[in-house]
Amino acid sequence: MNDKTASSDTANPLLEGPGLPRFTAFSPDQVSPALDSLLADARSALEQVTAADTPATWETVVDPLDTATERLGWAWGLVGHLNAVDDNKPLREAYNANLPRMTQFWTELGQNQALFEKYRAIRASSGFDALPASRRQVIEHALRDFRLGGAELEGPGRTRFGEIQERAAALAQKFSENVLDATNAFEFLTEDAARLDGLPPDALEAAAADAATAGKPGYRLTLQMPSYLPVMQYATDRKLRSRLYHAYGTRASLDALAPEDAEARAALDNAPVIDELLRLRDEEAKLLGYQNFGEVSLVPKMADSPAQVMAFLHDLAVKARPFAERDVAEMRQFAADELGIRDMQSWDTAFVSEKLKEARYAFSSQTVKQYFQLPRVLDGLFGLVERLFGVKVAADTAECWHPEVRFFRIERDGRAIGHFFVDPCSRASKRPGAWMDSVRSRRVLGKTVQTPVAYLVCNFSAPVGKRPSLLTHDDVTTLFHEFGHGIHHLLTRVDDLGVSGIGGVEWDAVELPSQFMENFCWEWDNVREMSAHVDTGEPLPRELFDRMLAAKNFQAGLQTLRQIEFALFDMRIHVAPEPLGADGVQRILDQVRDEVAVLRPPAYNRFQNSFSHIFGGGYAAGYYSYKWAEVLSADAYAAFEEAASAPEGADAALAATGQRFLDEILSVGGSRPAIDSFRAFRGRDPELDALLRHNGMVEAS
Ligand SMILES: [Zn+2]
């Protein structure tokens, strides 16, 4: 065993970061010992950089701490990745056993007062202005995060801040639990199959199976999405839809239909949770020196102020409104003419929409799927990225975690600038969904350039026999989306951790490159090139593509106004000057609906009591970011549309636009504010027109 080769084979691969992981040498029992050692190293680095006699400079504080925490993060990232793509009992146990101490370490780091002082000293030093822009940005971000974490508070304010954090976290958890319990408290039982007329066979089967599991005869409907949604979309019985709609829209409120016992209902009421959460957030904002929580939420985001966000939402609402009104008029007409519904109500809209969509734009996603073969779609995607950004994507070799995983390198001028793994298909051991994750980020230390590496994980249907994996159009869009995050990470030119790749990019701007890439899935030339029927090799028929496009934009006006309603409500309650109480929250929701909604829910509706994004998740005063990012990405893509019709020649104009997108957006990462990057690319501030046009919201000329 003292043979050198043997000892490196048996060494713990989690201690070898940040290179390409040696997946085949990994085993779950290595996790705890590796973290023992890496956490000890990180803590001793922290101690050293915060020592009184350590000079406050980039080289003596930021670099050594980054090096230690990068190795720790790399190892833990690898464990988390494997836990998501190769689930097994020993690994899950190792992950769960170590998660608390990882969380604890990051929390300690974020609250370390001595480290905060060192960063402040670097910021105040004469050397600060001479640092490269990316390093100055790293320092500014760190100081901002310390401040928002309460590091500047002293005495009772500091204690109170900690109490608020803890209580708010518990309340958010309670909010989500109440929604879950209230959702589960309701059931609708029937033995009369006629009441379920219209439901698709799989929904009917599920309802029967659900009843059997509960030891009841007939069918059982619940408020869980797979049961609730088909009822609202397909059940012909209006009374049934009305009943379930009522139950769903009053969850976790005193007016809920379940539980029947008033005391049990009160225990699940989220109104007091909302009230207390809003008070705590307001108190936190004031402790930190802001007027309200809306302002706090926007500090690390691209948007400047709550007023700017609300003006943005209003502007979009005004433009979308005529189209939403048209959508509703069309639904009412169709409901009256074709479905015999003369007074369309809230519990009818999903049903009417579904029937209208079927009548106008029906197509089968199974048919479409025959045209998108994974290898050809990947070729199309890589070819596009090569043309747009002047790079080359080539197959490469590395150790992988599964035989289906592939590995690629991205080259510029013959040199590898980044690598990525693609794990495309679903399997039992893999978590659902699709994501891009970092193996490591670009960093330059002295003369050594560390190139970025990414994981791209999807859950497409696995190949059957000799047939390749076939993708629905949604799958294709997902792949382009994740690859957009991928190129943001991989094409970076920033040299410093924390702001290279997607690091440090504002939360409401980080979806720009990903949503930007989605647009190419709706470009006919591109679709034609990457589609080939699995049996005949024919490209997707144009007529089918046009129907898909129309279906995509179906009721875009209505959908846009709904999102604006939620976003405006979210921001308004977080900038209110006084505590609102349950009545005040309801009043603001009503006002917002007066201003923007074209379909009014019934008065009993208590949507806010189950709005988990903002009360149980991380979107408080941030729900607007969905639309915000869509506007940015649509407007950025419009620059490419303009180039494609450039009078001086599309090829040259497209190449120049691609280069500018690369230079000003993809390659700068978080090294400067996203608005500066956008302006540098577009030559102006973001505008709404492109998103409206892409969603079909333009007046016919
Ligand atoms: Zn995304």
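The rules behind the values
Residues numbered from 1 in each chain as written. Predicted model: local features only at pLDDT ≥ 70, side-chain atom pairs only at ≥ 80, totals over all residues. Heavy atoms only, no water. Axes fitted to C-alpha atoms, helices over the stretch in contact; angles between N-to-C directions. Helix = DSSP H or I, 4+ residues; strand = E, 2+ residues; numbered from the N terminus. Parallel < 35°, antiparallel > 145°, perpendicular 65-115°, else oblique. Contact = heavy atoms within 4.5 Å. Nonpolar A, V, L, I, M, F, W, Y, C, P; charged D, E, K, R; others polar. Phe/Tyr/Trp six-rings, centres within 6.5 Å; stacked < 30°, edge-to-face > 60°. Lys NZ or Arg CZ within 6 Å of the ring centre and 35° of its normal. 1 Å grid on protein atoms, 1.4 Å probe; cavity = no way out; pocket = protein on both sides within 12 Å on 5 of 7 lines; lining within 4 Å. Points joined across faces, edges and corners; volume = space filled by probe spheres on them.

*Asks:* Explanation requested: the packing of helix 3 (residues 58-85) against helix 6 (residues 133-148) in the structure shown.
*Replies:* When two helices pack together, you describe them by how their axes are tilted relative to each other and by the distance separating the axes. Two elements in contact, helix 3 and helix 6, have axes separated by 13 Å at closest approach and are oriented at 75°. The orientation of helix 3 with respect to helix 6, classified from their angle, is roughly perpendicular. Judged by residue contacts, Trp58, Glu59 and Val62 of helix 3 engage Arg135, Val138 and Ile139 from helix 6. Looking at the contact of helix 3 with helix 6 residue by residue, the class counts come to four nonpolar, no polar and two charged.

*Asks:* Would you take a moment to explain the packing of aromatic side chains for this structure?
*Replies:* How two aromatic rings sit relative to each other is given by the distance of their centres and the angle of their planes. Using the criterion set out here, one finds 43 aromatic pairs in the structure. An angle of 40° between the planes, with centres 5.2 Å apart, marks the rings of phenylalanine 116 and phenylalanine 146 as tilted. Separated by 30 residues along the polypeptide, phenylalanine 116 in helix 5 (residues 113-124) and phenylalanine 146 in helix 6 bring together distant segments of the chain. On the numbers, 5.7 Å between centres and 90° between planes, the contact of tyrosine 624 with tryptophan 628 is edge-to-face. Taken together, the aromatic side chains of Trp507, Phe566, Phe569, Phe607, Phe611, Tyr619, Tyr623 and Tyr626 make up a single cluster linked through ring pairs. Seen from the ring of phenylalanine 351, arginine 241 lies directly overhead, with NZ or CZ sitting 4.1 Å from the centre. Across the ring face of tyrosine 248, the terminal group of arginine 251 is positioned such that the distance to the ring centre comes to 3.7 Å.

*Asks:* Would you explain empty space enclosed by the protein in this entry?
*Replies:* To find leftover empty space, a probe the size of one water molecule is rolled over the atoms. Summed over all chains, the structure comprises four cavities of 30 Å³ or more. A volume near 120 Å³ is recorded for the largest cavity. Taken together, 13 residues make up the lining of the largest cavity; nearest its centre are Val505, Leu512, Ile665, Ala674 and Ser677. Residue assignment for the lining of the largest cavity shows that the elements contributing at least two residues are helix 19 (512-518) and helix 27 (674-682). Split by residue class, the lining of the largest cavity holds ten nonpolar, three polar and no charged. As a volume, the second largest cavity reaches approximately 50 Å³. Among the elements of the structure, helix 3 and strand 7 (443-445) are those that each provide at least two residues to the lining of the second largest cavity. Here the lining of the second largest cavity takes three residues from helix 3, the largest share from any one element.

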